[in-house]
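Topology and contacts: notes
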Number of protein chains: 2
Amino acid sequence: MTKKSPTHELLSNLENFLAEENFGDSPKELYQPIRYILSLGGKRIRPLLALLSYGLYQDDPEKILGPAAAIEVFHNFTLMHDDIMDEAPLRRGKATVHEKWNSNVAILSGDVMLIRAYDLLLKSDHQYLPEVIQRFNKTAAEVCEGQQLDMNFETRDEVHEEEYLSMIRLKTAVLLGHALELGALLAGASKSDLENLYEFGVNIGIGFQLKDDLLDIFADQAKFGKQVGGDIISNKKTFLLIKALEIAKGEDLKELMYWLSIKEFDKTEKVDAVKALYEKLGIRQLTEEKMDHYFSKGFDLFESINYQNPVFHETLLELTQGLIHREK
Amino acid sequence: MTKKSPTHELLSNLENFLAEENFGDSPKELYQPIRYILSLGGKRIRPLLALLSYGLYQDDPEKILGPAAAIEVFHNFTLMHDDIMDEAPLRRGKATVHEKWNSNVAILSGDVMLIRAYDLLLKSDHQYLPEVIQRFNKTAAEVCEGQQLDMNFETRDEVHEEEYLSMIRLKTAVLLGHALELGALLAGASKSDLENLYEFGVNIGIGFQLKDDLLDIFADQAKFGKQVGGDIISNKKTFLLIKALEIAKGEDLKELMYWLSIKEFDKTEKVDAVKALYEKLGIRQLTEEKMDHYFSKGFDLFESINYQNPVFHETLLELTQGLIHREK
């Protein structure tokens, strides 16, 4: 007989923790945006990974709600600043902070969020604090590097597969790896488990981004939350486009370049045409294979760890498998 | 016979430390601005205060070059982001980061600087790390609060003296207090010395800002680095303008409001007229008295500490007295 999955209770404790956290009050322009962006929700994957990872070794995951919340606060800080840089009007269907207030508020409020993330890290068992902060800093700087690379790619003619994979590793995957290593570190896990959990997170993180790239183009519109084909419409350099540009020859390449170059077009027509090209060139299958490669590498690493609690092991597997098979 | 002042050697060690610090390399848009803004110089007052404060109790101030440098890196991070918000074209006579690169680079590069400040704090003796980070976080958030208040004041009709003093305390003074408490904390000084050094820094910090406000208007143009009267030209709500608006009545108030309201004017004429009004209303003397009040409160606190090393005590006095009597 297996115990009930701990996810629901952990998520509920985490939401309560975030709701009760006093980030500050005055001046209100600085602190309202912090509560606003955190209230927009999201799946809270990162803090959940930290809590579940801790639970692999120890029975009291609520003990690390502070540092787990730090990861979520940091993640939302990056969203607040990225949205300024990307001039994004919406985040989870609501106005972004720089739209609702202004860019200066979004810059400064984001700065305070980053500082508050360190406040939450301080709630770690102090014997681990130097290592917690050292690993957090490394990850945080890498996430910024990933965002800068992503911006650089927008204006570049050519981006290679390896560069793209390296960018998404930095921009999104290392934070998942860090969440897992943080939980395990605070639970006193072995160095080798720490490293394997970190690499598990990084590998599935890269897989998740490739899944995102695929869903944007091949999702079922009835189930997908936003417009299918958005990346095709905006010529976004996803894994699929990068591979298509690498593989396409002759007429196929000409057609792809045509759709990339025209300024005025019917959206559905462009999406359908590029999608058909991707299918013809085998890009969908190539991307799925690449994604599966990272997932299977990740799960091999996950299976190699010496966990104590099978319920949390099972829960972590279910959570990540659920993300792999999501349709939106 | 007193020993030579240690300032020169400490500053030289600090510059070497900053020059040799590896903030990162790639992508270059992220790391070049960090080295650029740090290379613009400045008096390095904050790290120097930390080093000298440590030297009041211990003989090896070079041991805390890392955390002292953290304060300088943090300070320059705030300058990088403030310059975006204030749309400032120049910093120490050179192009600001958002002008030389762009706003996105200045946002993201600043974010990494803040993270690197925490990396440098990690070089603190680990027994003090939780308290170092807790106090740093408190100060860092307060500096952001001060910047937000300063921006809010720009669009407000009325700002009271107490609000202004509270704003400059947050925006500039607490970081000087923190630099002093950091040095003393890492040297193992008593709680009461920590608090007194902190309050010494905060009080002289408020005094320095009032000195800045005075210099901007009453400096000797031959000795002053920038245009005298800049704050009058831009209607900046300094302590002097706030007091003048509080005190002026009848014709004086009418004249002041006239100069605040007209859009086209001869700069020299406006500066001379408002300056004459300030003199007539006794604003200069009032501001000097307020400044002296903070300086004398600060030095009383400084004299109450139980230091070990009289050379460092003397050096700290000389450094702060030098700043009080500066003419630019």
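In the block above lies the structure referred to throughout.
Below: a short report on this structure. Just so it is clear, the structure is predicted and the values come from calculations on it, not from any experiment.

Concerning the overall build of chain A
- Regarding its fold elements, chain A presents 15 helices and 2 strands.
- On C-alpha atoms alone, chain A measures out to a radius of gyration of 21 Å, which is about the 20 Å that the 2.2 N^0.38 rule sets for 328 residues.
- For chain A, the spread of C-alpha atoms along the three principal axes comes to 60 × 50 × 35 Å.
- Here chain A holds 328 residues, and the buried ones make up 59% of them.
- A sequence separation of at least 24 residues applies to 76% of the contacts in chain A between residues at least 6 apart.
- For chain A, the exposed area adds up to about 14,100 Å²; of that, 48% sits on carbon and sulfur atoms.
- Mean positive and mean negative side-chain charge positions of chain A (38 and 54 charges, respectively) differ by 2 Å.

A look at the interface of chain B and chain A
- Contacts between the two partners involve 36 residues from chain B, matched on the other side by 36 residues from chain A.
- Carbon and sulfur atoms supply 73% of the area buried between chain B and chain A, which totals about 3,200 Å² over both sides.
- Of all residues in chain B, L108, I115 and Q148 of chain B give up the largest surface area on contact with chain A, accounting jointly for 18% of the area buried on that side.
- On the surface where chain B and chain A come into contact, there are 0 salt bridges.
- Contributions of two or more residues to the side of chain B that touches chain A are made by α2 (28-39), α4 (65-85), α6 (103-121) and α7 (129-154) of chain B.
- Per-element tally for the side of chain B that touches chain A: the top contributor is α7 of chain B, with 14 residues.
- Among the residues making up the side of chain B that touches chain A, the classes are represented as 22 nonpolar, 9 polar and 5 charged.

Brief notes about the relation of the copies chain B and chain A
- In the superposition of chain B on chain A (RMSD 0.0 Å, axial shift 0.0 Å), the rotation amounts to 180°. Look at the turn and shift together and you get a two-fold axis relating the two.
- In this assembly, 100% of the residues forming the interface of chain B have copies in chain A that are likewise at the interface, indicating an isologous arrangement.

Digging into a nonpolar patch on the surface
Residue and element names in this part refer to chain B.
- Together, L245, L253 and M257 line one region of the surface with nonpolar side chains, adding up to about 220 Å² of accessible area.
- With respect to the helices, strands and loops of the structure, L245 is situated in helix α11 (residues 239-247).
- What makes L245 partly exposed here is its relative accessible area of 32%.

Re the side chain of E145 of chain A
- With respect to the helices and strands, E145 of chain A occurs in helix α7 (residues 129-154).
- No salt bridge is formed by the buried E145 of chain A; the nearest opposite charge belongs to R116 of chain B, separated by 4.4 Å.

Points about α11 of chain B
- For α11 of chain B, the set of buried residues is F239, L240, L241, I242, K243 and A244 of chain B.
- Packed against the buried residues of α11 of chain B are α8 (161-186), α9 (191-218), α12 (250-261), α13 (267-280) and α14 (283-303) of chain B.

Details of unusual backbone geometry
All names here are of chain A.
- A cis geometry characterises the amide bond from S26 onward to P27, with omega recorded as -5°.
- Checked against the element boundaries, P27 lands in the loop between α1 (7-20) and α2 (28-39).
- Despite not being glycine, N235 shows a phi value in the positive range, around 55°.
- Relative to the assigned elements, N235 resides in the loop between α10 (230-233) and α11 (239-247).
- When its relative accessible area of 26% is taken as the criterion, N235 is described as partly exposed.

What to know about the pattern of salt bridges
- Inspection of the entire model under this criterion finds 43 salt bridges over all chains.
- One salt bridge in this structure joins K171 of chain A and D150 of chain A, with 2.7 Å as the shortest N-O distance. With K171 of chain A in helix α8 (residues 161-186) and D150 of chain A in helix α7, this pair connects stretches of sequence that are 21 residues apart.
- Across the pair E29 of chain B and K28 of chain B runs a salt bridge, and its minimum N-O distance is 3.7 Å.
- A residue is classified by how much of its surface remains accessible, and K28 of chain B, at 48% relative accessible area, is partly exposed.
- Connected through shared salt-bridge partners, E131, R135, E181, K191 and E195 of chain A make up one network.

Focus: the packing of helix α3 (residues 45-55) of chain A against α8 of chain A
Residues and elements named next belong to chain A.
- Where α3 contacts α8, the two axes come as close as 7 Å, and the packing angle between them is 30°. In this view, α3 runs roughly parallel relative to α8, as classed from their interaxial angle. Here α3 and α8 pass one another in a crossing that is right-handed. Every residue of α8 that contacts α3 at I45, R46, L49, A50, S53 and Y54 is listed here: L175, L176, A179, L180, G183, A184 and L186.
- The residue inventory of the contact of α3 with α8, partitioned by class, reads 10 nonpolar, 2 polar and 1 charged.

A closer look at the environment of A219 of chain B
Residues and elements named next belong to chain B.
- Within the secondary structure, A219 is located in the loop between α9 and α10 (230-233).
- Judged by its relative accessible area of 10%, A219 is buried.
- Spatially, the C-alpha atoms of A219 and V143 are 27 Å apart, while their sequence positions differ by 76 residues.
- Dropping the residues within four chain positions of it, A219 is found in contact with L214, F224, V228 and E327.

A short note on the state of the cysteines
- Applying the stated rule across the entire model yields 0 disulfides over all chains.
- With no disulfide of its own, C144 of chain B lies closest to C144 of chain A among cysteine sulfurs, the gap being 15 Å.
- Accessibility expressed as a relative area gives 3% for C144 of chain B, which makes it buried.

Things to note about the environment of G201 of chain A
Residues and elements named next belong to chain A.
- Structurally, G201 is set in helix α9 (residues 191-218).
- Here G201 falls in the buried class, since its relative accessible area comes to 0%.
- Measuring from C-alpha to C-alpha, the distance between G201 and R46 comes to 9.9 Å, with 155 residues separating the pair along the chain.
- Ignoring anything within four residues of it in the chain, the contact list for G201 reads A173, L176, G177 and L180.

Procedures and definitions
Residues numbered from 1 in each chain as written. Chains lettered and ligands numbered in written order. Predicted model: local features only at pLDDT ≥ 70, side-chain atom pairs only at ≥ 80, totals over all residues. Heavy atoms only, no water. Helix = DSSP H or I, 4+ residues; strand = E, 2+ residues; numbered from the N terminus. Rg over C-alpha atoms; globule rule 2.2 N^0.38 Å. Buried < 20%, exposed > 50% of the residue type's maximum accessible area, 1.4 Å probe, protein only. Contact = heavy atoms within 4.5 Å. Areas by Shrake-Rupley, 256 points an atom, 1.4 Å probe, with all protein chains shown as cover. Lys, Arg positive; Asp, Glu negative; His and termini not counted. Charge placed at Lys NZ, Arg CZ, Asp CG, Glu CD. Buried area = accessible area lost by both parts, 1.4 Å probe. Salt bridge = Lys/Arg side-chain N within 4 Å of Asp/Glu carboxyl O. Nonpolar A, V, L, I, M, F, W, Y, C, P; charged D, E, K, R; others polar. Least-squares fit on C-alpha atoms with pLDDT ≥ 70 in both. Patch = residues over 30% accessible without salt bridge, like charges linked within 9 Å, V, L, I, M, F, W, Y side chains within 5 Å. Axes fitted to C-alpha atoms, helices over the stretch in contact; angles between N-to-C directions. Parallel < 35°, antiparallel > 145°, perpendicular 65-115°, else oblique. Left-handed = near helix turned anticlockwise from the far one by under 90°. Disulfide = S-S within 2.5 Å.

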